[in-house]
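Okay, here's what each chain looks like letter by letter:
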Amino acid sequence: MSIRPQRRERPKTPRSATKVGHLVVIPGGAGRGSLEAKPAEEPSGRGPSRAGLPRIGFEATPAASEATRPGLGFALICSLVVGVSILGLVVLNVLVAQSSFRLGDLKARVEEEQARSRRLHYEVSAGESPAKLAEAAQRLGLVIPEHQETLVGPPDPALSGRPSRRMEGILKVREKAGLPRAKRKS
Amino acid sequence: MPNTSSAARRLVLVVVAMAAGLAVIAGRLVWVQGLASDRYVALAATQRERRATLPAERGSILDREGHTLAMSTMAHTIYANPRFVPDARAGAAALAPVLGQPPEELAGKLGSKKRGFVYLARKVDDPTAARIRALGIPGIDAMREPKRLYPAGQLAAHVLGFVGTDNAGLAGLESYYDRQLAGRPGEMVIERDPQGRSIPSGKSRLIPPSRGDDLVLTIDSDIQYAAEAALSRAVETFKARGGSVLVMRPDTGEILALANLPTFDPNNFGAASGADRRNRALIEVYEPGSANKVITAAAALESGVIGTSEVLAVPDNLRMASKTFHDSHPHPVLRLTFPEVIEQSSNIGTIKVAMRLGKERLHEYLARFGYGSLTGIAFPGESPGLLTPPERWWPTQLGTAAIGQSVAVTPIQIMSVYATVANGGMWVQPSLASGVMGPGGTIHPAPAPSTRRVIRPETAATVAGMLVRVVEGEHGTGEKAAIPGYQVAGKTGTAQKPIPGGRGYSGYVGSFIGFAPAGDPKLVVGVILDEPHPIWGGVTAAPTFKEVMQFSLRHLGIGPGPVLRPGGAPLPAPGRSGGAAPYVPGEPAASDATE
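Thresholds, definitions, all that
Residues numbered from 1 in each chain as written. Chains lettered and ligands numbered in written order. Predicted model: local features only at pLDDT ≥ 70, side-chain atom pairs only at ≥ 80, totals over all residues. Heavy atoms only, no water. Helix = DSSP H or I, 4+ residues; strand = E, 2+ residues; numbered from the N terminus. Rg over C-alpha atoms; globule rule 2.2 N^0.38 Å. Contact = heavy atoms within 4.5 Å. Areas by Shrake-Rupley, 256 points an atom, 1.4 Å probe, with all protein chains shown as cover. Lys, Arg positive; Asp, Glu negative; His and termini not counted. Charge placed at Lys NZ, Arg CZ, Asp CG, Glu CD. Phe/Tyr/Trp six-rings, centres within 6.5 Å; stacked < 30°, edge-to-face > 60°. Buried < 20%, exposed > 50% of the residue type's maximum accessible area, 1.4 Å probe, protein only. Lys NZ or Arg CZ within 6 Å of the ring centre and 35° of its normal. pLDDT = per-residue confidence, 0-100. 1 Å grid on protein atoms, 1.4 Å probe; cavity = no way out; pocket = protein on both sides within 12 Å on 5 of 7 lines; lining within 4 Å. Points joined across faces, edges and corners; volume = space filled by probe spheres on them. Buried area = accessible area lost by both parts, 1.4 Å probe. Salt bridge = Lys/Arg side-chain N within 4 Å of Asp/Glu carboxyl O. Polar contact = N/O pair within 3.5 Å; in protein donor to acceptor, adjacent residues only side chain to side chain. Core = buried A, V, L, I, M, F, W, Y, C linked by side-chain atoms within 4.5 Å. Expected span 1.5 Å × (residues − 1). Arc of directions from axis to C-beta. Axes fitted to C-alpha atoms, helices over the stretch in contact; angles between N-to-C directions. Parallel < 35°, antiparallel > 145°, perpendicular 65-115°, else oblique. Left-handed = near helix turned anticlockwise from the far one by under 90°. Nonpolar A, V, L, I, M, F, W, Y, C, P; charged D, E, K, R; others polar. Patch = residues over 30% accessible without salt bridge, like charges linked within 9 Å, V, L, I, M, F, W, Y side chains within 5 Å. Pairing = 2+ DSSP bridges.

### So, the overall build of chain B
1) Next: Each helix and strand in chain B was counted, giving 20 helices and 23 strands.
2) Next: The C-alpha atoms of chain B give 36 Å as radius of gyration, which overshoots the globular expectation for 595 residues (25 Å, by more than 25%).
3) Next: Counting only C-alpha atoms and orienting by the principal axes, one finds that chain B spans roughly 150 × 50 × 50 Å.
4) Next: Summarising the internal contacts of chain B: among those between residues at least 6 apart in sequence, 73% fall at separations of at least 24.
5) Next: Summing over all exposed atoms, chain B offers an accessible surface of approximately 25100 Å²; the carbon and sulfur share of this is 57%.
6) Next: The distance from the centre of the 59 positive side-chain charges to the centre of the 51 negative ones in chain B is 10 Å.

### Quick word on the packing of aromatic side chains
All names here are of chain B.
1) Next: On inspection of all chains with the given rule, the structure shows 6 aromatic pairs over all chains.
2) Next: For the pair Phe117 and Tyr119, a centre-to-centre distance of 5.0 Å together with 85 degrees between the ring planes defines the contact as edge-to-face.
3) Next: Accessibility expressed as a relative area gives 33% for Tyr119, which makes it partly exposed.
4) Next: In textbook terms, an aromatic cluster arises when at least three aromatic residues are bridged by ring pairs, as seen for Tyr79, Phe117 and Tyr119.
5) Next: Against the face of Trp427 rests Arg452, its NZ or CZ located 4.1 Å from the ring centre.

### Some thoughts on the confidence of the model for chain B
Residues and elements named next belong to chain B.
1) Next: Of the residues in chain B, 94% reach a pLDDT of 70 or more, and the chain-wide mean stands at 89.
2) Next: The low-confidence segment residues 570–595 (pLDDT under 50) makes 51 contacts with residues lying over four places distant or belonging to another chain.
3) Next: Interface confidence for the predicted complex, given as ipTM, is 0.77, next to a pTM of 0.76.

### Considerations on the side chain of B:Thr396
1) Next: On the secondary structure map, B:Thr396 appears in the loop between helix 15 (359–368) and helix 16 (397–402).
2) Next: Beyond its immediate stretch of four places on either side in the chain, B:Thr396 contacts B:Met320, B:Ala321, B:Ser322, B:Lys323 and B:Phe325.

### Quick notes on empty space enclosed by the protein
Residues and elements named next belong to chain B.
1) Next: A complete count under the given rule lists 3 cavities of 30 Å³ or more for this structure.
2) Next: Volume-wise, the second largest cavity comes out at about 60 Å³.
3) Next: Along the walls of the second largest cavity sit Asp327, Ser328, His329, His331, Leu334, Leu336, Gln344, Ser345 and Ser346, which together make up its complete lining.

### Observations regarding the interface of chain B and chain A
1) Next: With 42 residues of chain B in contact, the opposing surface of chain A contributes 38 residues.
2) Next: Between chain B and chain A lies a buried interface of about 3600 Å² when both sides are counted; carbon and sulfur atoms form 58% of it.
3) Next: Inspection of the region where chain B meets chain A yields 2 salt bridges.
4) Next: With a shortest N-O distance of 3.0 Å, B:Glu57 and A:Arg118 are connected by a salt bridge.
5) Next: Put simply, chain B and chain A have 3 residue pairs in polar contact (both at pLDDT 80 or more) between them.

### Topic: the nonpolar core
Residue and element names in this part refer to chain B.
1) Next: Counting 97 residues, the largest nonpolar core has Leu217, Phe338 and Leu432 as its most contacted members.
2) Next: A per-element tally of this core places helix 17 (residues 411–422) first, with 8 residues.
3) Next: Apart from residues lying up to four places away in sequence, Leu432 is in contact with Val159, Leu173, Leu217, Thr218, Ile219, Ile255, Leu258, Leu282, Ile377 and Phe379.
4) Next: One finds Leu231, Phe512, Ala541 and Ala542 within the second-largest nonpolar core, a separate group that totals 33 residues.

### Description of helix 3 (residues 88–99) of chain B
Helical periodicity: at 3.6 residues per turn, an α-helix aligns residues three or four positions apart in one direction.
Residue and element names in this part refer to chain B.
1) Next: When the terminal C-alpha atoms of helix 3 are compared, their 15 Å separation across 12 residues agrees well with the 16 Å that a helix rising 1.5 Å per residue should span.
2) Next: The complete set of buried residues in helix 3 reads Ala88, Gly91, Ala92, Leu95, Ala96, Val98 and Leu99. Down the axis of helix 3, the smallest arc covering the buried residues is 165 degrees, so these residues share one side. Turned more than 90 degrees from where helix 3 packs its buried face, Arg89 and Pro97 sit exposed.
3) Next: The secondary structure elements touched by the buried residues of helix 3 are strand 3 (68–80), helix 4 (103–110), strand 4 (118–124), helix 5 (126–135) and strand 5 (140–149).
4) Next: The N-cap of helix 3, judged by a side-chain oxygen 3.2 Å from the amide nitrogen of Arg89 a few residues on, is Asp87.
5) Next: Positive phi shows up at Gly100, right after helix 3, with a value of about 70 degrees.

### Structural notes on the packing of helix 12 (residues 293–303) of chain B against helix 15 of chain B
Working note: a packed helix pair is described by the angle between its axes plus the distance between those axes.
All names here are of chain B.
1) Next: Here helix 12 crosses helix 15 at 115 degrees, and the two axes come no closer than 10 Å. When the interaxial angle is binned, helix 12 and helix 15 end up roughly perpendicular. Seen from above, helix 12 lies across helix 15 with right-handed handedness. Of helix 15, the residues touching helix 12 (which contributes Ile295, Thr296, Ala299, Glu302 and Ser303) are Arg361, Leu362, Tyr365 and Leu366.
2) Next: Per-class residue counts for the contact of helix 12 with helix 15 are 5 nonpolar, 2 polar and 2 charged.

### Considerations on the packing of helix 9 (residues 221–237) of chain B against helix 19 (residues 537–556) of chain B
All names here are of chain B.
1) Next: Packing of helix 9 against helix 19 brings their axes to within 9 Å, and their N-to-C directions diverge by 165 degrees. As judged from the angle between their axes, helix 9 and helix 19 are roughly antiparallel. Handedness of the crossing formed by helix 9 with helix 19: right-handed. Contacts from Asp222, Ile223, Ala226, Ala227, Ala230, Leu231, Arg233 and Ala234 in helix 9 reach Thr544, Glu547, Val548, Phe551, Ser552, His555 and Leu556 in helix 19.
2) Next: Among the residues making up the contact of helix 9 with helix 19, the classes are represented as 9 nonpolar, 3 polar and 3 charged.

### Thoughts on a nonpolar patch on the surface
Residues and elements named next belong to chain A.
1) Next: A cluster of nonpolar side chains, contributed by Val82, Ile86, Val90 and Val94, occupies part of the molecular surface with about 340 Å² of accessible area.
2) Next: Structurally, the position occupied by Val90 is in helix 1 (residues 70–127).
3) Next: Residue class for Val90 comes out partly exposed when judged on its relative accessible area of 45%.

### Looking at the environment of B:Ile499
Residues and elements named next belong to chain B.
1) Next: Tracing the backbone shows Ile499 in the loop between strand 21 (489–498) and strand 22 (505–516).
2) Next: Ile499 sits in the partly exposed class, given a relative accessible area of 35%.
3) Next: With residues near it in sequence (within four places) discarded, Ile499 still touches Gly504, Tyr505 and Ser506.

### Comments concerning the sheet that holds strand 1 (residues 49–54) of chain B
All names here are of chain B.
1) Next: Strand order in the open sheet formed by 3 strands is 1-8-9, and the pairing between neighbours is antiparallel. Of all the strands in the sheet, the pair left with one neighbour each is strand 1 and strand 9 (204–207). Taking the axes of each pair of neighbouring strands and ignoring which way they run, one obtains an average angle of 15 degrees across the sheet.
2) Next: For strand 1 and strand 8 (residues 186–191), the ladder comprises 6 bridges, and the chain directions are antiparallel. By the bridge assignment, Arg50 is partnered in strand 8 with Ile190.
3) Next: Relative to strand 1, helix 2 (residues 37–48) is tilted by about 60 degrees, and along the sheet it contacts strand 1 and strand 8.

### Here's the deal with unusual backbone geometry
All names here are of chain B.
1) Next: Geometrically, the link from Leu261 to Pro262 is a cis peptide bond, its omega value of 0 degrees lying close to zero.
2) Next: Its place among the elements puts Pro262 in the loop between strand 12 (255–261) and helix 10 (274–277).
3) Next: Between Ala516 and the following residue, Pro517, the backbone shows a cis peptide bond with an omega angle of -15 degrees.
4) Next: Along the chain, Pro517 turns up in the loop between strand 22 and strand 23 (523–530).
5) Next: The phi torsion at Lys239 lies on the positive side, around 50 degrees, for a residue other than glycine.
6) Next: Checked against the element boundaries, Lys239 lands in the loop between helix 9 and strand 11 (242–248).
7) Next: What makes Lys239 exposed here is its relative accessible area of 60%.
8) Next: In this structure, Glu531 is a non-glycine residue whose phi angle is positive, near 55 degrees.
9) Next: Turning to its location among the elements, Glu531 is positioned in the loop between strand 23 and helix 19.

Structure below.
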């Protein structure tokens, strides 16, 4: 003897009924409203008969606004926050990258300018070397005097000139170290 | 039922296989993320991180007035990654005219595909690097490297020395002060993408390099130039093989100029021979000849074996052991005081005085004046000269040493001798550097020079007076060193050159070393010419001395100063000590009579 499962009869839904979510909306339902509803899934057999179904009354109200759906609003806010944050991060990252490249460019430029400064320093140093000065002086017709006259007298500070600030520092330290001051050019 | 169990088995197998696979993945995950994470982190870091050493800028070398003699700048080094060079021959052909190298050589470098890096040219200038970049050859690029430059070219080349390709000092003061000049290199760590671009938000660490200290010399550029120019003219005029000129302050030991010929350009030191690059004033020795008589004179006067008024009988030759000494020219027996002996630079008169002194005492004074030992000047490779101990002297060496043969000194040593006399008998260690200047201009002075008393001030003054006679005396050998308006003291030298590695002599060295103003010496100048024509120091070196001394006095604003009595203050012999024979002033000594 085999046991056969009993066929469960599918509850019949009125033709005019409409499914809304898990509810079936029956037009012309009781109540002050216009809707009559019953659970969409109804256990067959043992469930209450259609006639004995308690009628649930729904009051027809205006369609619910977005704001009145708390879940949707929260989701929207979260999306907005996340979206803005991501956008902000992207913008920040781009700005950082941009600044980094600009910094790199500026560093390269600083290096170039420093190298240029050194080249100019070299050219100045080469130009003021005694050999170059002698060459320039000869071009201008200057000659080294064959005879010299020396005026001996008290030193005149107005004629002595002042050493550069840098050499003044060097000379001061030399004096502190007990080394004699080099005489300035007359 | 069989179908069900088969399906269940397959299900179990699949589950087991999946579990095993997951276990493997989980295990690998634990290994990668946990147990071996450090290794993988490091591996990843090596792929992204680029570590670059940032070379420190080498400090400059300045003269005493702050003029730059050596400095560093940045140059471009051209390199290639041959693996990325599509056509080595075409690339070489394009690069060759710009770099000035043979195309075959460049093609060989660019064609070596096994190498990922090869230098094409080191430290080229900006325009050359720009032209290379403009060629746009794949695999060819340029990077910055520091380069040492000497703005004044050959000026003081032997003092400065030079640096190698890696910017380390190889010679001269560049080598001696390498530690102070070099600075401390820095380091940069950055993250780069596979294309070599830096990752903006990646790791970045920078340890900046520390610039080296500047070195301040005692050298005066103008005097140095005058010395080099005068030496060059002298070598050309007298067809000498080379020479040296030194200018020194006797009271401080500061060297204001040190010139050598042949010379070289430190910007291109590779073009010069090793001999040309050698600082012969500090490294090479020569026999000073008559310039050495100043030591014999100082030793004799200091020891009291002779006074300034005593008269010696001076023939033109003298036999000593197996050797016969001669004066520079034949003459009858002369009756000369000791100052006159020095004035006329008589070999025989000097040897006779040295015989009274004895070899031990002469050796002692030679050593006290610094012969046979280093002056201690801060310079690499200084030579101590040659001075053998008296017990190893051969029988004639007393005579030869007294007149400056058989002893060998560096030019700086003989300069120190004259500086000692000029400085009242006090020897002062010579120096080339006055200090190092750190960041912000803080100067750390060089250690004070060591000093020692060699002879008494009175003896030094007397010797100085005798040296004045050499220049001003009627029979003086150094008349061409006289400077109008100034009193000059000095001594000529014409010394035979020993044959290297053999016995005997070949050629002469002419020299003049002196100081001025004689009454208050401010400068000592030495001129040494190698094989001049004519050979005489009084003819060749003395005019050069005059030229350099005159310029230096004018440049430094040194006036004529007080006048010293020619011949020096009378210095009677206070009483002889030692084994010298008794001597009666005005009469030939017993030893003289037998000679």
